[in-house]
Structure formats: C-alpha cells, structure tokens
Amino acid sequence: MMPFFFSTDMFRPAYRLALLMLGGVLLFGAACGSDETLILATTTSTFDSGLLDELEPLFEEQTGLNLKIIAVGTGQALEMGRRGDADVLVVHAPTAEEEFVEEGYGVNRQLVMHNDFVIVGPDDDPIDMRSAEDAVTALLGLRTSEMTFVSRGDDSGTHKRELSLWNELGFDPAGEDWYLESGQGMGATLQIANQREAYTLTDRATYLALKDVLDLEILFEGDPGLLNIYHVMQVNPDTSGDINASGATAFVDFMVAGETQAIIAEFGIDKFGQPLFVPDAGRSVAELTEE
Amino acid sequence: MELIWDGIREAFRIIGTGDREVWSITLRSLLVSGSATLLALIIGISIGALLAFRRFPGRNLAVTLVNTGMGLPPVVVGLVVAIFLWRSGPLGPLGLIYTPAAMVIAQTIIAAPLVTGFTVAALGSLPSRLRPQLYALGASRLQMLWLVLQEARLPLFAAIMAGFGAAVSEVGASLMVGGNLAGETRVLTTAVVLAAQRGEFAPAIALSIILLALVFLINLVLTGVQQRESRS
C-alpha cells in the first residue's frame, strides 16, 4: 500500500495544485536568492519619505546586486551591523556612529546628506512654542502644560536627538503623564501625535511626506542643534564572515556619486515643492554646522 | 468618511485596471500562505492523527501544547524564526532571512497547531468502533488512516480554512522574517502596514479590501467543495 498521500481519487486535484504551488514557491525563492544580495539597514526616515524607493532600482541596475532594504531605527541598524546581519548602513546619529566606528564595527563612513529636525504640533500651539528662542526652551514649556509630547521611544536617530535635548535641559521626561513613547517609526509616530493633538520631534522629510494627512504644523525650526545628518558606512568585513564587502563598498560609492547626489537634491521637489534632503558628499560635518 | 469612499474607489480602480504591483503582491500572499498551509496540513494531519489515535504517557500535555499553539502570537513566532535565520543565527548559513521561504516557515509554524487541533477534533468525533472494525476487515495502518481521513474530510476542510486564514492574515512574523521588501517579500498585510505608516490611506484600504476578498474567495471555494461533499 502506498502512503496515503500518494493514493486515490478525492485529493488528487488538490494535491496536484498543492505540489504545483510548492514548486512555484521553491522556484520563486530560488529566483530571489540567485542574485548576490546586499542588506542595507536604514532609518525609517529615509524609507518612509520614499527616497530609497527611488534609489534602489538605480543601484540594482548599476551593480546587478539585489539590495534588501530593512527599515529600522538607527539604534537597531547599528545593532544589526554589530551582529553582522547587515552589510551597509544609512543612519543619522553621529555620536553613536562614531562609537560604532571606534569599536571597529564600521568602516568607510561618508557624509551623504542632511536636512533638519523640526518640532511639530497643533496649529493653535497652546504653549507658544513658536516664540521659543532655541530648541531646548521650546521643549521646556511642555513640562508645565497639559499638552502631550509623543516620543519615538525606539532608540532611533530621532529618538537619540530628542533625548539629548532633554539631557541639555537636565530633565528626564520618562514616566511623565504628558510624555508618550510610541516605539514606532516616524510615520506612525507623526500620526499618533496628529490624533492626540500632541507635539513631536520629527525629521523634515518624513513630516513633508505625510503633511497632507496631518493637521500638525511646524512650530519650531532653525536651531543649529537640530541639524539632521545622514552618513552611509559599511560594516567592517573583518567582524563577521558573511559581510558582502564589495557590495557594501559599491553602495557607499553609489550614495556619494554625483548622479545619485543630483537625484537626492531633486527628490521631493515635484511632490512637495521643495527638496527633502540637501546632498553633502565631499563636505565635512564641520562645514555644515558653520552654515 | 471621504477617506473610506476614496479607499473603496481606489480598490475598484486597482482591481479594474490590473495594477501590476498590487497583483504581484496579491499573488505572493497567495503563494506564500498557500505553501505554508500545505506544509501545515502535512505536519498537522500527521501529528493530529497520532494524538487522536495513540494513547501514550504525556498525551494530555501534548494536546494542551497543541491547543496553546492554536493561539500562538505571530510576533513571537516571527522573533524566534528571525533569530534562527539571521546571518548571525544558527541557521544563518542557509541564507533564508528576508526571503519568501522564511515567511513560509514562520507561517507554517503559526498554521500547523491550528490544523493539528482541528484534526484531533475531527478524528475524535468519529464513532469509536470505526477503527477496530476497519482493522477487523484487514486494513493496514495506512489504509486505516486514509479511510478515517476520508470519513472526517468535512471537518478537515475547516482545518484548511483556519490554517490558511491564520497564515494569510498575520503580519508580525512576515514583517520580521521577510523584511517587507518591495517585489520580494511584500505581501498584502505588510503592504497595508507600510501604506498606513506612510499616510497613504486609500491604497491601504484598497489592499485591505483585496485581502478580504481573497480570504472570502478561498473560503467560498472550500465551503463549496465541503457542501457538495456533504450532500453526496
């Protein structure tokens, strides 16, 4: 007697279909796996703004690599690099990145672009953040008001920047009634702030990308402390045997190449009337902060 | 309200015009969850038959574990599978992380306990004298299994529907082990999450409608077969 799953009438069409599907998936998996892959761990801000959707096909066409973009916070992206689970990173938390490089996990770190962080909130702005002189005093008003602030709370670059502002104030907002931690990406956090009529710190690109569905307005901007700088770097191939070093080098070169930088300079103009990022290849962070 | 109408209109526009990306996402959902359901059926029916017919020490514990597994949180499955499949993990060299195969594995783990539980229930509901009679008629063990599965095939359709429903509707595990990569591991549920995060609500609603329609159609077909069988 043959095993039951090979036999007789009733299930036969169903099995044929099932085997066909299984074969389909295997082929499909093989098709996806046949290209050399490169894993990019990146911030949600570059992803939610749509910039990488535009760059990915270009890079794949130029190099023949299969780029896998994993959108996580900067903290998580660095962690993936430490474990050897990513080949190349696009991140925006300079202090944490320098640590990462010093520890020997990151190499070939290059400045790619910048924009800035802004504080957004309800248009009526009950705590009068618009008249604040700097970012730190802008946040100060939240402590004594009934207004809510939504923090990313996910160890992302934006979250790290927000924490450093509170740190400058010498104040720890964790556990306060008015302080919410979303634990999600920038797009989701902006929508929570929108529904709660709350304030939040966001990168300008994600804010502009979602502006149509938000009732939040930019209430504070322009503090030099709110500069948002993106670097690309490759994970040190010596730390793990699985790193695609040549692919990672190709990606770093791609991000700072003239053609890519020109696309970054244009990105968003057609949709938002202004660019979302300023390309910075070849410049130094010191030059940016002097501006 | 306007948003909801926009979403519904967008859904019909996409279905009507055959937007290629949306169709490939739908096909991928069907393929990934269909394969996972198939694997879950093979695993679930085998273990389910064992639990239904054999008496062994620890059987109650095993059935309890299966029942617990029927409510297995997809994110937990996603996390565990991801840790194993990461390049730094024990199965890293297989290179499965962020592939459809990884999603099939995770969804199989989610669906298999459901199929097992339904199988135990279906086979348990058969008359208790059926098996001794079959053996008395000289059936081999495999013949016996085939015959009782035939006998219980109607409730087993419920197992297929439950398994597929769980696999196609979960999102946590697919996000974690698949990475929601455009054109590779983006399925209907993860595409809905992404569209909503980006504030693109109309496409999010459209994709949700397509997902619901897909589950509805699969269930319609399975229920149709089930009903026809029960009449004949």
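Residues numbered from 1 in each chain as written. Chains lettered and ligands numbered in written order. Predicted model: local features only at pLDDT ≥ 70, side-chain atom pairs only at ≥ 80, totals over all residues. Heavy atoms only, no water.

## Re the confidence of the model for chain B
(1) Moving on: With 100% of its residues at a pLDDT of 70 or more, chain B shows a mean pLDDT of 90.
(2) Moving on: Note on the complex model: pTM 0.83, ipTM 0.78. (pLDDT = per-residue confidence, 0-100.)

## Some thoughts on the packing of helix 3 (residues 51-63) of chain A against helix 11 (residues 258-266) of chain A
Residues and elements named next belong to chain A.
(1) Moving on: Contact geometry of helix 3 with helix 11 gives a least axis separation of 11 Å together with a crossing angle of 160°. The orientation of helix 3 with respect to helix 11, classified from their angle, is roughly antiparallel. Between helix 3 and helix 11 lies a crossing of right-handed hand. Contacts between helix 3 and helix 11 pair Leu-51, Glu-54, Leu-55, Leu-58 and Gln-62 from the former with Glu-259, Thr-260, Ile-263 and Ile-264 from the latter.
(2) Moving on: Grouping the amino acids of the contact of helix 3 with helix 11 by side-chain chemistry returns five nonpolar, two polar and two charged. (Axes fitted to C-alpha atoms, helices over the stretch in contact; angles between N-to-C directions. Helix = DSSP H or I, 4+ residues; strand = E, 2+ residues; numbered from the N terminus. Parallel < 35°, antiparallel > 145°, perpendicular 65-115°, else oblique. Left-handed = near helix turned anticlockwise from the far one by under 90°. Contact = heavy atoms within 4.5 Å. Nonpolar A, V, L, I, M, F, W, Y, C, P; charged D, E, K, R; others polar.)

## A look at the side chain of A:His159
All names here are of chain A.
(1) Moving on: Looking at where His-159 falls in the secondary structure, it is placed in helix 7 (residues 157-169).
(2) Moving on: The exposure class assigned to His-159 is buried, which follows from its relative accessible area of 9%.
(3) Moving on: Residues contacting His-159, with those up to four places away along its chain left out, are Ser-151, Arg-152, Gly-153, Asp-154 and Glu-181. (Buried < 20%, exposed > 50% of the residue type's maximum accessible area, 1.4 Å probe, protein only.)

## Some remarks on the domain arrangement of chain A
All names here are of chain A.
(1) Moving on: When the domains of chain A are assigned, the result is domain 1 (32-115 + 228-284) and domain 2 (116-226).
(2) Moving on: Of note, the centres of domain 1 and domain 2, computed from C-alpha atoms alone, are 26 Å apart.
(3) Moving on: Contacts between domain 1 and domain 2 engage 18 residues on the former and 19 residues on the latter.
(4) Moving on: Of the roughly 1400 Å² buried at the junction of domain 1 and domain 2 (both faces included), carbon and sulfur atoms supply 60%.
(5) Moving on: When the area that domain 1 buries against domain 2 is broken down by residue, the three leading residues are Asp-48, Asn-115 and Asn-228, summing to 29%.
(6) Moving on: Linking domain 1 with domain 2 are zero salt bridges, by the criterion used here.
(7) Moving on: The interface formed by domain 1 and domain 2 holds five residue pairs in polar contact (both at pLDDT 80 or more) in total.
(8) Moving on: Among the secondary structure elements, those contributing two or more residues to the side of domain 1 that touches domain 2 are helix 2 (44-48), helix 4 (74-83), helix 5 (94-102) and strand 9 (227-235).
(9) Moving on: Of the residues assigned to the side of domain 1 that touches domain 2, the class counts are seven nonpolar, ten polar and one charged. (Domains from an automatic or database assignment. Buried area = accessible area lost by both parts, 1.4 Å probe. Salt bridge = Lys/Arg side-chain N within 4 Å of Asp/Glu carboxyl O. Polar contact = N/O pair within 3.5 Å; in protein donor to acceptor, adjacent residues only side chain to side chain.)

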